[in-house]
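A look at the structure
Chain residues, written in single-letter form:
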Amino acid sequence: TEAMFGGKEDGACRYESFQLGGGKLASVLRCSPPQGGAVVTRVSGEYSDADYRVDTRVEAQAPGDSGPQKMTMAVQTSGKRLGDCPAGGGNKEKAK
C-alpha cells in the first residue's frame, strides 16, 4: 500500500510512519535527494465509502549559493461520491 502513495524503493525516500485503515490515513515521508537538501511530506485525513478529506503539508529545503532555500506547501483535498458510473464505463455523450 505504501508504494501506491509514492514510497519508492530507490533509497532516496523512506516512510517514517504510515497508517491506513479504519477510515483514517496518516503518514510522514522523508526524502533526501542525491543533489542535497531534504523533503518531508506529512499527510493526514479521513475517508469513507461516501467521501474523503486529506491534508498534505510539504516542507522542502535545497542547497543554494546564498544558503539553504526553503519552501512550504499546504494542500487540502476533499471529494464525495456522486453516484454509480454509467453502464459501459464511458461518457454517454461520446457513445452517441
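Described below are features of the structure shown in this document. (Residues numbered from 1 in each chain as written. Predicted model: local features only at pLDDT ≥ 70, side-chain atom pairs only at ≥ 80, totals over all residues. Heavy atoms only, no water.)

1. Brief notes about the sheet that holds strand E5 (residues 69-80)
In plain terms, the rule: Two strands are said to pair when DSSP picks up at least two bridges between them. Here a helix means four or more residues in a row that DSSP labels H or I, a strand means two or more in a row labelled E, and each is numbered from the N terminus. With axes taken as lines fitted to C-alpha atoms, and helix axes fitted only over the stretch in contact, angles between N-to-C directions fall between 0 and 180 degrees.
Spatial ordering of the open sheet is given by E1-E2-E3-E4-E5, a layout of five strands whose pairing is antiparallel. Every interior strand has two partners, whereas the edge strands, strand E1 (13-21) and E5, have only one. When the angles between neighbouring strand axes are averaged without regard to direction, this sheet yields 5°. Where strand E2 (residues 24-31) and strand E3 (residues 38-47) come together, eight bridges link them in antiparallel fashion. Looking across to E3, one finds that Cys-31 is bridged to Val-39.

2. Focus on the environment of Thr-56
Which entries qualify depends on this criterion: Each residue is placed in one exposure class: buried if its accessible area under a 1.4 Å probe, protein chains only, is under 20% of its type's maximum, exposed if it is over 50%, and partly exposed if it falls in between.
Among the structural elements, Thr-56 can be located in strand E4 (residues 51-62). Classification of Thr-56 by relative accessible area gives partly exposed; the value is 22%. Linking Thr-56 and Thr-77, residues 21 residues apart in sequence, is a C-alpha distance of 8.2 Å.

3. Here we look at the side chain of Ser-27
Here is the rule: Note on contacts: a residue pair qualifies if any of its non-hydrogen atoms lie within 4.5 Å across the two residues.
Looking at the element boundaries, Ser-27 is found in strand E2. Ignoring any residue separated from it by four or fewer positions in sequence, one finds Ser-27 in contact with Tyr-15, Ser-17, Phe-18, Thr-41, Arg-42 and Val-43.

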